[in-house]
Amino acid sequence: MGGAIVRGLVANGIPVDGGIFVTNRSEAKAASLAGLDGVTSIALESEPDGNARAASSARVVVLGVKPYMIAALLDEIAPHLADDAIVVSLAAGIPLAQIEEKAGARAVVRSMPNTPSTVGRGVTGIAAGSRASGDDMAIVRRLFETVGSAVEVDGDDGIDAISTISGSGPAYFFLLVEKFIDAARHQGFDAETARLLAEQTFIGAARLLEAEGEDPAELRRRVTSPKGTTEKAVEVLQRADLASMFSAATDAAYARAKELATGA
Ligand SMILES: NC(=O)c1ccc[n+]([C@@H]2O[C@H](COP(=O)([O-])OP(=O)(O)OC[C@H]3O[C@@H](n4cnc5c(N)ncnc54)[C@H](OP(=O)(O)O)[C@@H]3O)[C@@H](O)[C@H]2O)c1
């Protein structure tokens with residue numbers, strides 16, 4: 001996820017004073033980012049205090065390690081952070097207060113990106129900690145807008161709520177595509193054709209939705225002729241009460257986010 005953001009910054013030509021410092025543990029990961037314009041890529045394998053060097057020169061410090069590693073990473077870099085550093089966490093399930101406690105007086109922002117960020121079409125939720133100013137949030141918003149859209153939400157609750165929609169949302173979509181492929185198989189298509197039909201229909205419809213800028217219900221009406229085949233199929237789908245199912249699914253994700261924040 002951190003790599004996607006670095007690539008987004010470089011691809012968008014966002015100027016970063018002094019350049020971008022990236023650290024990874026392995027040489028292999030560091031090498032994959034080393035050729036990017038304006039990026040200094042450090043492998044901790046060969047420069048064990050690389051995190052301290054990167055942190056000490058940065059205005060914005062993005063923490064992209066797994067959630068269980070955040071506390072140790074903050075302990076390592078906190079003494080080296082500039083007073084005006086903005087600490088941005090990508091980690092799921094780590095509350096703002098836990099990060100603020102270890103970041104000293106610096107501004108902290110929590111974020112919830114999603115995997116389409118890797119193709120420049122992400123949606124990222126950003127939440128200000130108690131010390132993050134409007135200017136800090138504008139900088140962080142610009143960072144995430146290099147890989148898609150950014151939406152400001154209110155605190156940990158806002159991050160937990162947005163994680164149930166855009167954070168987990170790609171999985172809901174892939175599940176629908178899987179089931180749609182099964183339906184195409186059921187209608188007699190071979191595996192390869194079923195996949196092409198299901199995927200390209202969803203991708204094509206998504207692009208149409210974006211291009212038209214119309215309400216999705218209106219676009220649905222336009223392909224649903226009275227007494228036609230689509231009308232029959234949609235009637236069956238509506239009986240499944242998808243709205244209640246999506247609400248229940250996102251409620252389950254929200255409850256799990258609250259559990260994770262307690263370390264469960
Ligand atoms: N993937 C998602 O959809 C998603 C969405 C929202 C939030 N997140 C959050 O993003 C974070 C990263 O997830 P990910 O899927 O991108 O994980 P990942 O692929 O494992 O990336 C973590 C990176 O951190 C590096 N690293 C590990 N320890 C380090 C250290 N002490 N100092 C510097 N670099 C270190 C690793 O380098 P090596 O491989 O060389 O060890 C690796 O490149 C997580 O906290 C996750 O909750 C992810």
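Structure: see above.
Conventions and cut-offs
- Residues numbered from 1 in each chain as written.
- Predicted model: local features only at pLDDT ≥ 70, side-chain atom pairs only at ≥ 80, totals over all residues.
- Heavy atoms only, no water.
- Helix = DSSP H or I, 4+ residues; strand = E, 2+ residues; numbered from the N terminus.
- Buried < 20%, exposed > 50% of the residue type's maximum accessible area, 1.4 Å probe, protein only.
- Contact = heavy atoms within 4.5 Å.
- Pairing = 2+ DSSP bridges.
- Expected span 1.5 Å × (residues − 1).
- Polar contact = N/O pair within 3.5 Å; in protein donor to acceptor, adjacent residues only side chain to side chain.
- Near = heavy atom within 4 Å.
- Areas by Shrake-Rupley, 256 points an atom, 1.4 Å probe, with all protein chains shown as cover.
- Nonpolar A, V, L, I, M, F, W, Y, C, P; charged D, E, K, R; others polar.
- Salt bridge = Lys/Arg side-chain N within 4 Å of Asp/Glu carboxyl O.
- Arc of directions from axis to C-beta.

**As for the overall build of the chain**
Within the chain, the regular secondary structure consists of twelve helices and seven strands. Expressed along its principal axes, the backbone C-alpha trace of the chain runs to roughly 70 × 35 × 35 Å. When each of the 264 residues of the chain is scored for burial, the buried share is 34%. Sequence separation of at least 24 residues holds for 53% of the intrachain contacts in the chain that already meet a minimum separation of 6.

**Brief notes about the pairing of strand β6 (residues 122–128)**
Counting buried positions along β6 gives five out of seven residues, so the element sits mostly inside the fold. When strand β5 (residues 107–112) meets β6, the two strands line up antiparallel, connected through four bridges. By the bridge assignment for β6, Arg110 is matched with Ala127. Taken together, the six bridges between β6 and strand β7 (residues 148–153) define a ladder with parallel strand orientation. By the bridge assignment for β7, Gly125 is matched with Val151.

**Looking at helix α9 (residues 191–212)**
Because each turn of an α-helix spans 3.6 residues, side chains separated by three or four positions in sequence point in the same direction. Taking 1.5 Å as the rise per residue, α9 with 22 residues should run 32 Å; its terminal C-alpha atoms sit 31 Å apart, in good agreement. Structurally, the start of α9 carries an N-cap: the backbone nitrogen of Glu192 is 3.1 Å from a side-chain oxygen of Asp190. One or two residues past the end of α9 sits Gly213, with phi positive at roughly 65 degrees.

**Remarks on the site of the ligand**
Lining the immediate environment of the ligand, one finds 19 residues, of which Met1, Asn24, Arg25, Ser26 and Val65 sit closest. Met1 places a polar main-chain atom, nitrogen or oxygen, 2.8 Å from an oxygen atom of the ligand. Take Ser26: an N or O atom from its side chain is 2.6 Å from an oxygen atom of the ligand. Summarising the interface, the protein chains cover 75% of the accessible area of the ligand, which totals 900 Å² for the free molecule. Broken down by class, the residue content of the shell around the ligand amounts to ten nonpolar, six polar and three charged.

**Observations regarding the side chain of Thr250**
Residue position: Thr250 is located in helix α12 (residues 242–261). For Thr250, a relative accessible area of 14% gives the class buried. Those residues in contact with Thr250, other than ones at most four positions away along the chain, are Thr164, Ile165 and Tyr172.

**Points about the pattern of salt bridges**
Counted according to the given criterion, the structure contains 17 salt bridges. With a shortest N-O distance of 2.7 Å, Lys258 and Asp160 are connected by a salt bridge. Taken together, the positions of Lys258 in helix α12 and Asp160 in helix α7 (residues 155–167) put the pair 98 residues apart, joining distant regions of the chain. The class of Asp160 is buried, set by a relative accessible area of 5%. Three or more residues joined by partner-sharing salt bridges are found here, namely Arg110, Asp156, Asp157, Asp160 and Lys258.

**A closer look at helix α6 (residues 134–145)**
Look at α6: 16 Å from first C-alpha to last across twelve residues, which is about the 16 Å you get at 1.5 Å a residue. For α6, the full list of buried residues reads Asp136, Met137, Val140, Leu143 and Phe144. For α6, the buried positions fall inside an angular range of 115 degrees around the axis, keeping them on one side. The exposed residues of α6 that point more than 90 degrees off its buried face are Gly134 and Asp135. Close packing links the buried residues of α6 with α1 (2–11), β3 (60–63), β4 (86–89), β5, β6 and β7.

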